[in-house]
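Understanding the architecture of this molecule
The primary structure of each chain is shown beneath.
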Amino acid sequence: MISSVAATLSALIGAAYWARIWGSMGWGPSFVILGNITNNQSLIQFGHACSGTAGTFILGFILLFILLLTLAAGTKRMFKIQNFCFLIGMIGTVLALIVFAVGDHSTFVKNFNDFARQYTASEDSYQSIIETAKAAGYTGAAGKFATTTAPTIVCIFTFMVWNFWSVYLSGEMKGAGNRKRQVSIMFTALIFDTGFMIIGYLLMTKVLGSDFMKAINFLSTADAEKYPLPTDPYFSLFSGLIAKNPLLNTLIAVSFLFWNLPALIGNTFMPIRSFFAWSFDRVLPKKLSEVDERTHAPLPAIITVVTLVSAIFIWSNLSTSFNTLLSMGILCGVVEIVLVAVAAIRMPYSQKDLYRTSPANVQIGKVPVLVITAVLSIAVMGYVTYLLMAFPSIGISSPAAGFGFMTGIVIVGLAIYQIASSVQKAKGIDISLAYKELPPE
């Protein structure tokens, strides 16, 4: 129950993150690009407004409302919508990568200067950005571990650790013991994510120049008041400044608006399932496992999840930073994975019959693979926790705050289960019996 609560909270935080950045990552760069290629200042100003506080709130709530309608439409329609949005977003991303691949540095510098001189008051805006960043503290050299390497590791880990998500969701589908399918799901996601990160980084470095890329990102995060552009320095913005092809740039700009809804669906699908399952297992009220007769969607669970995401979205905009929000999501993952790993170490020895009949029954010599992977998982979680606690700039203000947050997750998970157990026991129901055996296919 504790690990499930941790996973659910992490997913809710992730969903709030995707709602929060729809304005700054999607609408802002997209409309700045459209305004640039049409020479329309109104579109550029609209893109700038989308990246601001008001734009973030308005667009975030619009996206959450679209999410509610999508989820309530039923699983089949939801997946069709998700796949459609994913396809459009992927087409735009591939087009952007092609633009970077065929683009050259000198063309980008010329086009960037034409675009940015109205904001930097400099004919050589490209160099002006670098000089402004240096004046704000950017050195141009390899940074310290605390300010560059550690945040980079945590940032990549934030998105890569959830490659097990689809396996987690497929655990209740028919054929969950098909190890080949589960491994292929995880490694396909791993290769896909890693490949896009490496290709994107190499192409951006080639076209933008390493020094400029570091400088403009430093300026936008370390000294936002001196950052001159009307929107944040996202991948989509730069792709629109390489080629002056109105149709191509429009396709790229519009396509990036479609990424956030599939990400939101992926982050809310698991919490909805959790609330439904908790209700079905008599941990939460029965109402949460009710489904609509027409769409077969668990509407009470969906409304509960979207409401919680909305609350986190509001709180995150008013009270905390991007980094803190993402770091909290990682700490939830630490609690979840460490608890599962500890259970995995115990399972072959404390629940021998259950282990023998499970798909996890694989050994290297006499050592269960389950134990080996569990120990490695705990080691990785320990290192990530160390990075989060040791370097406050990543997002957690102090070790006390970080450990306090994780302790709170444990207390909440225990409290929910113990209260439910006591309530149901008074009715003559032992809810622990549901976890004594593997569910049937």
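A brief report on the enclosed structure follows.

About the thresholds
Residues numbered from 1 in each chain as written. Predicted model: local features only at pLDDT ≥ 70, side-chain atom pairs only at ≥ 80, totals over all residues. Heavy atoms only, no water. Helix = DSSP H or I, 4+ residues; strand = E, 2+ residues; numbered from the N terminus. Rg over C-alpha atoms; globule rule 2.2 N^0.38 Å. Buried < 20%, exposed > 50% of the residue type's maximum accessible area, 1.4 Å probe, protein only. Contact = heavy atoms within 4.5 Å. Lys, Arg positive; Asp, Glu negative; His and termini not counted. Charge placed at Lys NZ, Arg CZ, Asp CG, Glu CD. Polar contact = N/O pair within 3.5 Å; in protein donor to acceptor, adjacent residues only side chain to side chain. Salt bridge = Lys/Arg side-chain N within 4 Å of Asp/Glu carboxyl O. Axes fitted to C-alpha atoms, helices over the stretch in contact; angles between N-to-C directions. Parallel < 35°, antiparallel > 145°, perpendicular 65-115°, else oblique. Left-handed = near helix turned anticlockwise from the far one by under 90°. Phe/Tyr/Trp six-rings, centres within 6.5 Å; stacked < 30°, edge-to-face > 60°. Core = buried A, V, L, I, M, F, W, Y, C linked by side-chain atoms within 4.5 Å. Patch = residues over 30% accessible without salt bridge, like charges linked within 9 Å, V, L, I, M, F, W, Y side chains within 5 Å. Areas by Shrake-Rupley, 256 points an atom, 1.4 Å probe, with all protein chains shown as cover. Disulfide = S-S within 2.5 Å.

Helices and strands together make up the secondary structure of the protein chain, namely 19 helices and 2 strands. In terms of overall size, the protein chain behaves like a compact globule, its C-alpha atoms giving a radius of gyration of 24 Å where 441 residues would be expected to give roughly 22 Å. Along the first, second and third principal axes, the C-alpha set of the protein chain runs to 80 × 50 × 40 Å. Within the protein chain, the proportion of its 441 residues that are buried is 45%. For the protein chain, the share of sequence-separated contacts (at least 6 apart) that also reach a separation of at least 24 residues comes to 75%. Computing the positive centroid from 28 side-chain charges and the negative centroid from 20, the protein chain places the two 9 Å apart.

What follows deals with the environment of isoleucine 265. Tracing the chain through its elements places isoleucine 265 in helix H14 (residues 260–280). By relative accessible area, which is 1% here, isoleucine 265 ends up buried.

Among all positions in helix H13 (residues 246–255), only Asn249, Ile252, Ala253 and Ser255 are buried. Looking at the packing, one finds that the buried side of H13 touches helix H2 (22–38), helix H5 (75–102) and helix H12 (235–239). The backbone nitrogen of leucine 247 lies 3.2 Å from a side-chain oxygen of the residue at the head of H13, namely asparagine 245.

For the rest of this paragraph, the subject is the side chain of serine 310. Here serine 310 lies in helix H15 (residues 299–319). Here serine 310 falls in the buried class, since its relative accessible area comes to 14%. What serine 310 contacts, discounting residues up to four positions off in sequence, is Phe61 and Leu64.

Buried within helix H7 (residues 125–135) are the following residues: Ser125, Tyr126, Ser128, Ile129, Ile130 and Ala133. Residue glycine 137 follows H7 closely and has a positive phi angle near 125°.

Another point: the pattern of salt bridges. Inspection of the entire model under this criterion finds 5 salt bridges. With a closest N to O distance of 3.3 Å, aspartate 114 and lysine 110 form a salt bridge. Placement of both aspartate 114 and lysine 110 in helix H6 (residues 105–120) is noted, with a separation of 4 residues, approximately one turn of the helix. Assessed through its relative accessible area of 32%, aspartate 114 is described here as partly exposed. The network of salt bridges with common partners includes Lys110, Asp114, Arg117 and Glu123.

Once that is clear, we can look at the packing of helix H4 (residues 53–72) against H15. Between H4 and H15, whose axes approach to 10 Å, the crossing angle comes to 165°. Between H4 and H15, the interaxial angle falls into the category roughly antiparallel. Here the hand of the crossing between H4 and H15 comes out right-handed. Residue-level inspection shows Thr56, Phe57, Gly60, Phe61, Leu64, Leu67, Leu68, Leu71 and Ala72 of H4 in contact with H15, the latter providing Leu299, Ile302, Ile303, Val306, Val309, Ser310, Phe313, Ile314, Asn317 and Leu318.

On to the packing of aromatic side chains. What the rule picks out here adds up to 26 aromatic pairs. Centroid distance phenylalanine 108 to phenylalanine 238: 6.0 Å. Interplanar angle 75°. Geometry classified as edge-to-face. Remark: phenylalanine 238 occurs in helix H12 and phenylalanine 108 occurs in helix H6; sequence separation between them is 130 residues. Three or more aromatic residues joined by ring pairs make a cluster, and in this case those are Phe108, Phe112, Tyr126, Phe212 and Phe238.

This part is about unusual backbone geometry. For asparagine 39, which is not glycine, the phi dihedral falls at a positive 55°. In this fold, asparagine 39 is placed in the loop between H2 and helix H3 (41–50). Overall, asparagine 39 belongs to the exposed group, its relative accessible area being 67%.

A few words now on the nonpolar core. In terms of nonpolar packing, the biggest core is built from 109 residues, with Phe100, Phe108, Phe112, Leu208 and Phe212 touching the most fellow members. It is helix H1 (residues 2–20) that provides the largest number of residues to this core, a total of 10 residues. Setting aside chain neighbours within four positions, we find phenylalanine 108 in contact with Tyr126, Val207, Leu208, Phe212, Phe238, Leu241 and Ile242. Core analysis: the next-biggest nonpolar cluster, separate from the first, contains 7 residues, Ala341, Ala344, Met347 and Tyr355 among them.

By the secondary structure assignment, serine 255 is in helix H13. For serine 255, a relative accessible area of 3% gives the class buried. Residues within four places of serine 255 in sequence aside, it is in contact with Ile88, Gly89, Gly92 and Thr93.

Residues Ile156, Met197, Ile198, Tyr201 and Leu202 make up a contiguous nonpolar surface patch of about 470 Å² in total accessible area. The leading source of residues in the nonpolar patch is helix H10 (residues 179–208), at 4 residues. In this structure, isoleucine 156 sits in helix H8 (residues 145–160). For isoleucine 156, a relative accessible area of 36% translates into the label partly exposed.

Let us look at the state of the cysteines. Counted by the stated rule, this structure contains 0 disulfides. Of all cysteine sulfurs, the one in cysteine 50 lies closest to cysteine 85, which takes part in no disulfide; the gap is 18 Å.

Before going further, it helps to examine the environment of glutamine 127. Its place among the elements puts glutamine 127 in helix H7. Separated by 84 residues in the primary sequence, glutamine 127 and aspartate 211 place their C-alpha atoms 9.8 Å from one another.

It is at 9 Å that the axes of H2 and H13 come closest, and there the two elements cross at 165°. Judged by the angle between their axes, H2 and H13 are roughly antiparallel. Between H2 and H13 lies a crossing whose hand is left-handed. Across the interface between the two elements, Ser30, Ile33, Leu34 and Ile37 of H2 pack against Pro246, Asn249, Thr250 and Ala253 of H13.

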